[in-house]
Amino acid sequence: MGLSDAELDAVRAIERADGADDDLGAFFAGVGRARPVREVRVEPFLIARHPLTVAQARHWLPEYEDSFTESDSSTARFEDDLDDLLGTLPFRLPSEAEWEYAARAGTTTLTFRGDGRPDEDQVLDDFADEERTAAAENAFGLAAMGSTNEICADVWIPHFTDAPVDVRPRTGNGPQVVRGGGGDLSPWQGCDEWLLLLSATRDASQDFTAVRPVAPVPTGQEHAEHR
C-alpha cells in the first residue's frame, strides 16, 4: 500500500516524455502523503461494483437531491446529506486500505491498467451502459475506481507512518480520507487531472464525495438464515 519508488519512476517517465501538462514539482513534493509504502493484511470483504448511483441513493434516502447530474444512473455525490445517508445505509464505508486493495486488484502499477498515463476515457460516471461499465472493470470486477473522490472511513493523516498493518481505519478528529477524483474535474482542463486516477492518490475530504459501500463476507450461518 502506498506510492512506491517504481510508481514514482513511472510518473517521472511520463513527465520526461512530455506526458504531463505542467511541472510536477508539487506532486513530487507531496508524495510523503502516500508513504511509507507498507504491506497490509487484508481479510475478505465485499465492496460495491461502482459508487452509489442517484437512483440507489434515493432508495436509501428518498429526499436525496443531486445538483451535479440529471441522470439516475450517474454517480451520486453527497455533501451535507452524507451523515443522513450513512445513518440509513445498512453497509459501511471502506477503510482506505480496503479501497486501495480494491483499486489495485493485484497490481503494483500506477493504475490497474499499467504505468502509462491514464486518459480521460478511463473516467466512468454513468452506469446505464452495461457494456461500457464492464469494459471499465478491473480484475476484481470493480468499475470506476478513481473516477470520483470516494470517501473512506479513515480520518485524514498526511502519511502512513505507524499506520496499522491490517485494514482497520485510522480514527480521530478532522476530515476523512477521499480516494480518486479523476472525473470530478471532467472535462479535464489540462491540469494533470490524470494524477487523481492513480491507485495510491489520497487526499482530505472537502466538499462533495461519492460512496462505495462495503459489507462483511457472510458466514455460513448467516447465509443459511437468509436463504
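Basis of the calculations
Counting of residues starts from 1 at the beginning of each chain's written sequence and follows it residue by residue. Only residues with pLDDT of at least 70 get local features here, since the model is predicted, and only at 80 or more are side-chain atom pairs given and counted; chain-wide, interface and lining totals rely on the full set of residues. The basis for the side-chain values is all heavy atoms of the structure; hydrogens and waters are excluded. A helix here means a DSSP run of H or I that spans at least four residues, while a strand means a run of E at least two residues long, and both kinds are numbered starting from the N terminus. We compute the radius of gyration from the C-alpha atoms alone; for a globule the expected value is 2.2 Å times N to the 0.38, where N is the number of residues. Three exposure classes are used, based on accessible area relative to the maximum for each residue type with a 1.4 Å probe and protein chains only: buried under 20%, partly exposed in between, and exposed over 50%. Only the protein chains shown count as covering a residue, and every accessible area follows the Shrake-Rupley method with a 1.4 Å probe. We define a nonpolar core as any set of buried Ala, Val, Leu, Ile, Met, Phe, Trp, Tyr and Cys residues linked to one another through side-chain atoms lying within 4.5 Å. Any Lys or Arg side-chain nitrogen found within 4 Å of a carboxyl oxygen on Asp or Glu counts as a salt bridge. Here, residues are in contact when the closest pair of their heavy atoms is within 4.5 Å. Aromatic pairs are defined between Phe, Tyr and Trp rings, using the six-membered ring for Trp, whenever the two ring centres lie within 6.5 Å; interplanar angles under 30 degrees are classed as stacked, those over 60 as edge-to-face, and all others as tilted. Strands pair, by our definition, only if DSSP identifies at least two bridges between them. To get an axis, a line is fitted to the C-alpha atoms, and for a helix only the part in contact is used. The angle between two axes follows their N-to-C directions and goes from 0 to 180 degrees. With a 1 Å grid spanning the protein atoms alone, the term cavity applies to any set of points in which a 1.4 Å probe fits but cannot get out, the term pocket to an open set with protein on both sides within 12 Å along at least five of seven lines, and the term lining residue to any residue with an atom within 4 Å of a point. Grid points are joined across faces, edges and corners, and a volume is the space filled by probe spheres set on the points. Residue type decides the class: Asp, Glu, Lys and Arg count as charged, Ala, Val, Leu, Ile, Met, Phe, Trp, Tyr, Cys and Pro as nonpolar, and the leftover types, Gly among them, as polar.

(A) Inspection of the overall build of the protein chain at higher detail. Within the protein chain, the regular secondary structure consists of seven helices and five strands. The linear arrangement of helices and strands in the protein chain, starting from the amino end, is α-α-β-α-α-α-α-β-β-β-β-α. Here the C-alpha atoms of the protein chain give a radius of gyration of 17 Å, agreeing with the 17 Å that 2.2 N^0.38 yields for 227 residues. With the C-alpha coordinates of the protein chain rotated into their principal frame, the extents come out at 55 × 40 × 35 Å. In the protein chain, which comprises 227 residues, the share counted as buried stands at 48%. Accessible surface, the protein chain as shown: approximately 11,500 Å² in total, 49% of it carbon and sulfur.

(B) Quick look at the nonpolar core. Counting 18 residues, the largest nonpolar core has Leu3, Val11, Leu24, Phe27, Trp194 and Leu198 as its most contacted members. Listed in part, the 14 residues of the second largest apolar core include Leu52, Leu61, Leu85 and Val211.

(C) Looking closely at the pattern of salt bridges. One pass over the full model with this rule turns up 19 salt bridges. Across the pair Arg41 and Asp166 runs a salt bridge, and its minimum N-O distance is 3.9 Å. Separated by 125 residues along the polypeptide, Arg41 in the loop between helix 2 (25-29) and strand 1 (45-47) and Asp166 in the loop between strand 2 (150-155) and strand 3 (176-179) bring together distant segments of the chain. Classification of Arg41 as partly exposed rests on a relative accessible area of 48%.

(D) Up close: helix 5 (residues 96-104). Of all nine residues that make up helix 5, eight are buried, and the element is covered over most of its length. Taken together, the buried positions of helix 5 are Glu96, Ala97, Glu98, Trp99, Glu100, Ala102, Ala103 and Arg104. Each element contacted by the buried residues of helix 5 is listed here: helix 1 (5-16), strand 1, strand 2, strand 3, strand 4 (202-204) and strand 5 (214-216). Residue Ala105 follows helix 5 closely and has a positive phi angle near 50°.

(E) Fine view of the packing of aromatic side chains. Within this structure, the stated rule accounts for five aromatic pairs. For the pair Tyr64 and Phe78, a centre-to-centre distance of 5.1 Å together with 45° between the ring planes defines the contact as tilted. Taken together, the residues span a long stretch of sequence, with Tyr64 in the loop between helix 3 (54-60) and helix 4 (82-88) and Phe78 in the loop between helix 3 and helix 4 at a distance of 14 residues. Side by side, Tyr64 and Phe78 carry an identical accessibility label, which is buried. Between Tyr101 and Phe140, the ring centres sit 5.5 Å apart and the planes meet at 40°, which makes this aromatic pair tilted. Here Tyr101, found in helix 5, pairs with Phe140, found in the loop between helix 6 (130-135) and strand 2; they are 39 residues apart in sequence, far enough to count as distant.

(F) Just unusual backbone geometry, in detail. Of note, the bond from Arg35 into Pro36 is cis; its omega dihedral lies within 30 degrees of zero at 5°. A positive phi is found at Asp18, a non-glycine position, where the angle reads about 60°. For Asp18, the position within the fold is in the loop between helix 1 and helix 2. A positive phi angle, near 50°, is found at Ala105, a position not held by glycine. Among the secondary structure elements, Ala105 is positioned in the loop between helix 5 and helix 6. Accessibility expressed as a relative area gives 8% for Ala105, which makes it buried.

(G) Spatial organisation of the sheet that holds strand 4. Here three strands make up an open sheet; going across it, the order is 2-3-4 and the pairing antiparallel. Looking along the sheet, the strands with just one partner apiece sit at the ends: strand 2 and strand 4. Each strand axis lies, on average, 40° off the axis of its neighbour in the sheet, ignoring direction. By the bridge criterion, three bridges tie strand 2 to strand 3 in an arrangement that is antiparallel. Note that in strand 3 the partner of Val155 across the bridge is Gln176.

(H) Structural context of empty space enclosed by the protein. Counted under the stated rule, the structure contains two cavities of 30 Å³ or more. In this structure, the largest cavity encloses a volume near 120 Å³. Around the largest cavity sit Trp99, Ala103, Thr111, Phe112, Arg113, Gln122, Ala136, Ala144, Met145, Gly146, Leu197 and Ser199, which together line it. There is about 60 Å³ of room inside the second largest cavity. Taken together, Met1, Arg38, Glu96, Ala97, Asp154, Phe160, Ala163, Pro164, Asp166, Val167, Arg168 and Arg170 make up the full set of residues lining the second largest cavity. Across the lining of the second largest cavity, the residue classes break down as six nonpolar, no polar and six charged.

From the geometry alone we can't say anything about function, so treat these as descriptive.
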